Amino acid sequence: GNSVTQMEGPVTLSEEAFLTINCTYTATGYPSLFWYVQYPGEGLQLLLKATKADDKGSNKGFEATYRKETTSFHLEKGSVQVSDSAVYFCALSDYGGSQGNLIFGKGTKLSVKP
Amino acid sequence: GAGVSQSPSNKVTEKGKDVELRCDPISGHTALYWYRQSLGQGLEFLIYFQGNSAPDKSGLPSDRFSAERTGGSVSTLTIQRTQQEDSAVYLCASSIGGGPYNEQFFGPGTRLTVL
């Protein structure tokens, strides 16, 4: 079945450090890939997405590239800010399962120190 | 416009009681999903509604769980004879259409605690 594996946290970085959160997936079809973010005390919200191989999703300085050959969708940001402290979830959605339900990784908690 | 809303925000119940959780999706969104977020299991899909079609219940963990969606809008998730392992945050999401390309917008969740 479909699944998502992402690096376990927590991850603690200093402000302006480079961020990478690894995410790999297993899927029977051709999934869309997503990164969702949950800020403290807030609901889950979409950060970025990519719907086909080699697509790059980007938002708020974050980027992730859909790599079919390595079944990966790693999240990167060149210079993190304290306000980026949150839990990040990698997810996939595939027509092979329910019509678009998301399958999530376990989440990675990021803390950015000033 | 208004986002997805859920009620109650918190629910504390005793083991064995029934609970109902409500979700109001974004107006015009035909697809509605329920997920559960717990410490042990992470985020899990529960059930999916699309328009007037029969729901996909493939994620429901047991027959104590059921859900309805009335008039293609509001949805209610019912858990009968609650157990302590049902304690979790229940999230509702809606999207303009089903499928893997449409963004899902999440509500704030209902935190359920079963004593």
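Here the structure is shown first, and the text comes after it.
Owing to the predicted nature of the structure, the values given are computational and were not obtained by experimental measurement.

Peer 1: Please clarify how the packing of aromatic side chains should be interpreted in this entry.
Peer 2: Remark: the centre distance and the inter-plane angle together describe each pair of aromatic rings, the angle taken between the planes. Inspection of every chain in the model, using the stated rule, returns 12 aromatic pairs over all chains. Taking the centre distance of 5.6 Å and the plane angle of 40° together, the rings of Phe-62 of chain A and Tyr-88 of chain A count as tilted. With Phe-62 of chain A in strand E8 (residues 62–65) and Tyr-88 of chain A in strand E10 (residues 86–93), this pair connects stretches of sequence that are 26 residues apart. Ring geometry for Phe-104 of chain A versus Phe-106 of chain B: centroids 6.3 Å apart, planes at 65°, classification edge-to-face.

Peer 1: What is the right way to look at the state of the cysteines in this model?
Peer 2: Disulfide: a covalent bond formed between the sulfur atoms of two cysteine residues. This model, assessed by the stated rule, comprises two disulfides over all chains. The disulfide bridge from Cys-23 of chain A ends at Cys-90 of chain A, spanning 1.9 Å between sulfur atoms. Taking the sign of the torsion about the S-S bond as the criterion, the disulfide between Cys-23 of chain A and Cys-90 of chain A, at about -70°, is left-handed. In this pair, Cys-23 of chain A sits in strand E4 (residues 23–26) while Cys-90 of chain A sits in strand E10, placing the two residues 67 residues apart along the sequence. Pair check on accessibility: Cys-23 of chain A and Cys-90 of chain A agree, each one buried. Paired through a disulfide, Cys-23 of chain B and Cys-92 of chain B show a sulfur-sulfur distance of 1.9 Å. When the S-S torsion is -65°, as for the bridge of Cys-23 of chain B with Cys-92 of chain B, the disulfide is left-handed. Of this pair, Cys-23 of chain B sits in strand E3 (residues 19–24) while Cys-92 of chain B sits in strand E8 (residues 88–95), and the two are 69 residues apart along the sequence. With respect to burial, Cys-23 of chain B and Cys-92 of chain B carry one shared label: buried.

Peer 1: Explain the interface of chain A and chain B to me, please; I cannot follow it from the model alone.
Peer 2: Interfaces are often described in size by the accessible area the parts lose on coming together. Contact with chain A, which involves 20 residues of that partner, is made by 18 residues of chain B. Of the roughly 1,700 Å² buried between chain A and chain B, counting both surfaces, carbon and sulfur atoms make up 56%. Where chain A meets chain B, there are zero salt bridges. At the boundary of chain A and chain B, one finds four residue pairs in polar contact (both at pLDDT 80 or more). Among the secondary structure elements, those contributing two or more residues to the side of chain A that touches chain B are strand E5 (32–38), strand E6 (44–50), E10 and strand E11 (102–104) of chain A. The element that contributes the greatest number of residues to the side of chain A that touches chain B is E5 of chain A, accounting for four residues.

Peer 1: What is the right way to look at the layout of surface pockets in this model?
Peer 2: Which parts of space are left empty comes out when a probe the size of a water molecule is rolled across the atoms. The space that makes up the largest pocket amounts to roughly 690 Å³. Surrounding the largest pocket, 27 residues form its lining, Gln-38 of chain A together with Gln-37, Leu-39, Val-89 and Arg-111 of chain B being those nearest its centre. At the level of secondary structure, the elements contributing two or more residues to the lining of the largest pocket comprise E10 of chain A together with strand E4 (31–38), E8 and strand E10 (110–114) of chain B. Its residues placed into classes, the lining of the largest pocket shows 10 nonpolar, 13 polar and four charged.

Peer 1: Help me out: how do you make sense of the sheet that holds strand E6 (residues 65–69) of chain B in this one?
Peer 2: Adjacent strands of a sheet pair through backbone hydrogen bonds, lying either parallel or antiparallel. All names here are of chain B. A sheet is described by the order of its strands in space; here four strands give the open sequence E1-E3-E7-E6, paired in antiparallel fashion. Edge positions in the open sheet fall to strand E1 (5–7) and E6, since each of these has one partner strand only. Adjacent strand axes in the sheet meet at a mean angle of 15° when their direction is disregarded. In this sheet, strand E7 (residues 75–79) lies alongside E3 in antiparallel orientation, the contact comprising five bridges. Directly across from Val-19, in E7, lies its bridge partner Ile-79.

Peer 1: How should I be thinking about the sheet that holds E8 of chain A in this particular structure?
Peer 2: Residues and elements named next belong to chain A. Sheet architecture is open: four strands sit in the order E3-E9-E8-E7, paired in antiparallel fashion. Pairing within the sheet leaves two strands with one partner each, and these edge strands are strand E3 (19–21) and strand E7 (56–59). Each neighbouring strand pair of the sheet contributes to a mean axis angle of 15°, computed without reference to strand direction.

Cut-offs used in this document
Residues numbered from 1 in each chain as written. Chains lettered and ligands numbered in written order. Predicted model: local features only at pLDDT ≥ 70, side-chain atom pairs only at ≥ 80, totals over all residues. Heavy atoms only, no water. Phe/Tyr/Trp six-rings, centres within 6.5 Å; stacked < 30°, edge-to-face > 60°. Helix = DSSP H or I, 4+ residues; strand = E, 2+ residues; numbered from the N terminus. Disulfide = S-S within 2.5 Å. Buried < 20%, exposed > 50% of the residue type's maximum accessible area, 1.4 Å probe, protein only. Contact = heavy atoms within 4.5 Å. Buried area = accessible area lost by both parts, 1.4 Å probe. Salt bridge = Lys/Arg side-chain N within 4 Å of Asp/Glu carboxyl O. Polar contact = N/O pair within 3.5 Å; in protein donor to acceptor, adjacent residues only side chain to side chain. 1 Å grid on protein atoms, 1.4 Å probe; cavity = no way out; pocket = protein on both sides within 12 Å on 5 of 7 lines; lining within 4 Å. Points joined across faces, edges and corners; volume = space filled by probe spheres on them. Nonpolar A, V, L, I, M, F, W, Y, C, P; charged D, E, K, R; others polar. Pairing = 2+ DSSP bridges. Axes fitted to C-alpha atoms, helices over the stretch in contact; angles between N-to-C directions.

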